[in-house]
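Coordinate analysis (summary)
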Amino acid sequence: GDVGGGPVSPAPPAETILTDYQRDFFRGYLNEHHAPLLLDLAAALTPHGPAGRRRNALTRGSYALEGARITDIPASGDEILLEVTVSERGKRAPSVHSEAIPLDASVPASMARAYPAASSLPPSADVSRHHPVDAFVRRFSRLCRSVARPSATGKLLLP
């Protein structure tokens, strides 16, 4: 039917979205067992990595990523939402930033020197025909390889 003059979009079929249990499992598992990986993802795929490289080029240690943790994974499984903690010289307390990383993200050219393997990775294949858990793991595994942490891909457990 029409609402507000336009057609109503149907909800995605249940088999194409992650359940609350699956999302909670991935978030908890990755936060608990893969904190260094999440920090690398924050450095490579958010504005904080390039900002740190620029600021630390002149004054070592003036900008440091202290931590990163997943706060949410939307039901679509298309991205991860991170809370990134940054320390800056001269500031009394670290700052906390919310960032979204699409699972199809690519390491930007400004970070290619730090993550050279990323330039040879093809974009994610079409995962629409896969179960949502399988699709998430495949796409997240690509992100692991892009930040030179391929060993993390074999440690992802399925809920």
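Refer to the preceding data block for the structure.
Structural notes, computed from the coordinates. The model shown is predicted, which means the values in this text are computed figures rather than measured ones.

1. Things to note about the overall build of the protein chain
Tallying secondary structure elements over the protein chain gives four helices and five strands in all. In the protein chain, which comprises 159 residues, the proportion classed as buried is 39%. Excluding contacts between residues fewer than 6 apart, the proportion of contacts in the protein chain whose partners are at least 24 apart in sequence is 59%.

2. Here's the deal with the sheet that holds strand E3 (residues 63-72)
With respect to topology, three strands assemble into an open sheet ordered E3-E4-E5, the strand pairing being antiparallel. Lying at the two open borders of the sheet, with one neighbouring strand each, are E3 and strand E5 (95-102). This sheet shows a mean twist of 30 degrees between the axes of neighbouring strands, independent of strand direction. Examined bridge by bridge, E3 and strand E4 (residues 79-88) share eight bridges and lie antiparallel to one another. When the sheet's bridge partners are listed, Leu-65 is paired in E4 with Val-86.

3. Considerations on helix H2 (residues 35-45)
In terms of residue burial, H2 counts as a mostly covered element, since eight of its 11 residues are buried. Those residues of H2 that sit buried are Leu-37, Leu-38, Asp-40, Leu-41, Ala-42, Ala-43, Ala-44 and Leu-45. Residues of H2 that are buried in the fold lie against helix H1 (20-33), helix H3 (48-58), E3, E4, E5 and helix H4 (132-146).

4. Describing the environment of Ser-62
Summarising the element assignment, Ser-62 is placed in the loop between H3 and E3. For Ser-62, a relative accessible area of 7% corresponds to the buried category. With 28 residues separating them in the primary sequence, Ser-62 and Gly-90 have C-alpha atoms 8.2 Å apart.

5. With respect to the pairing of E5
When a strand is regular, its side chains alternate between the sheet's two faces. Here eight bridges tie E4 to E5, and the two strands are oriented antiparallel to one another. Across the sheet, residue Glu-79 finds its bridge partner in E5, namely Pro-102.

6. As for the packing of aromatic side chains
Applying the stated criterion across every chain yields a total of five aromatic pairs. Taking 5.8 Å as the distance between ring centres and 15 degrees as the angle between the ring planes, the aromatic pair formed by Phe-136 and Phe-140 counts as stacked. Of this pair, Phe-136 and Phe-140 are both found in helix H4, four residues apart, which corresponds to roughly one turn of the helix. For the residue pair Phe-136 and Phe-140, the accessibility class agrees, reading buried in each case.

7. Some words on unusual backbone geometry
The backbone of Ala-148 shows a phi angle near 60 degrees, a positive value even though the residue is not glycine. Within the fold, Ala-148 resides in the segment after H4. When its relative accessible area of 53% is taken as the criterion, Ala-148 is described as exposed.

8. Points about the pattern of salt bridges
In the structure shown here, the tally under the stated rule is nine salt bridges. The partner of Asp-20 in a salt bridge is Arg-23, with the nearest N and O atoms 2.8 Å apart. In this pair, Asp-20 and Arg-23 are both assigned in helix H1, three residues apart and thus about one turn of the helix distant. Looking at Asp-20, the relative accessible area reads 52%, which means it is exposed. Across the pair Arg-23 and Asp-72 runs a salt bridge whose closest N-O atoms are separated by 3.0 Å.

9. Focus on the nonpolar core
If you look at the biggest cluster of nonpolar residues, it comprises 34 residues, and the most contacted ones within it are Leu-41, Leu-45, Ile-80, Leu-82, Ile-101, Phe-136 and Phe-140. Mapped onto this core, the elements with two or more residues apiece are H1, H2, E3, E4 and H4. Per-element accounting of this core gives the leading share, seven residues, to H2. When near neighbours in sequence (up to four residues on either side) are disregarded, Ile-101 contacts Leu-41, Ala-42, Leu-45, Thr-46, Glu-79, Ile-80, Leu-82 and Leu-143.

Calculation notes
Residues numbered from 1 in each chain as written. Predicted model: local features only at pLDDT ≥ 70, side-chain atom pairs only at ≥ 80, totals over all residues. Heavy atoms only, no water. Helix = DSSP H or I, 4+ residues; strand = E, 2+ residues; numbered from the N terminus. Buried < 20%, exposed > 50% of the residue type's maximum accessible area, 1.4 Å probe, protein only. Contact = heavy atoms within 4.5 Å. Pairing = 2+ DSSP bridges. Axes fitted to C-alpha atoms, helices over the stretch in contact; angles between N-to-C directions. Phe/Tyr/Trp six-rings, centres within 6.5 Å; stacked < 30°, edge-to-face > 60°. Salt bridge = Lys/Arg side-chain N within 4 Å of Asp/Glu carboxyl O. Core = buried A, V, L, I, M, F, W, Y, C linked by side-chain atoms within 4.5 Å.

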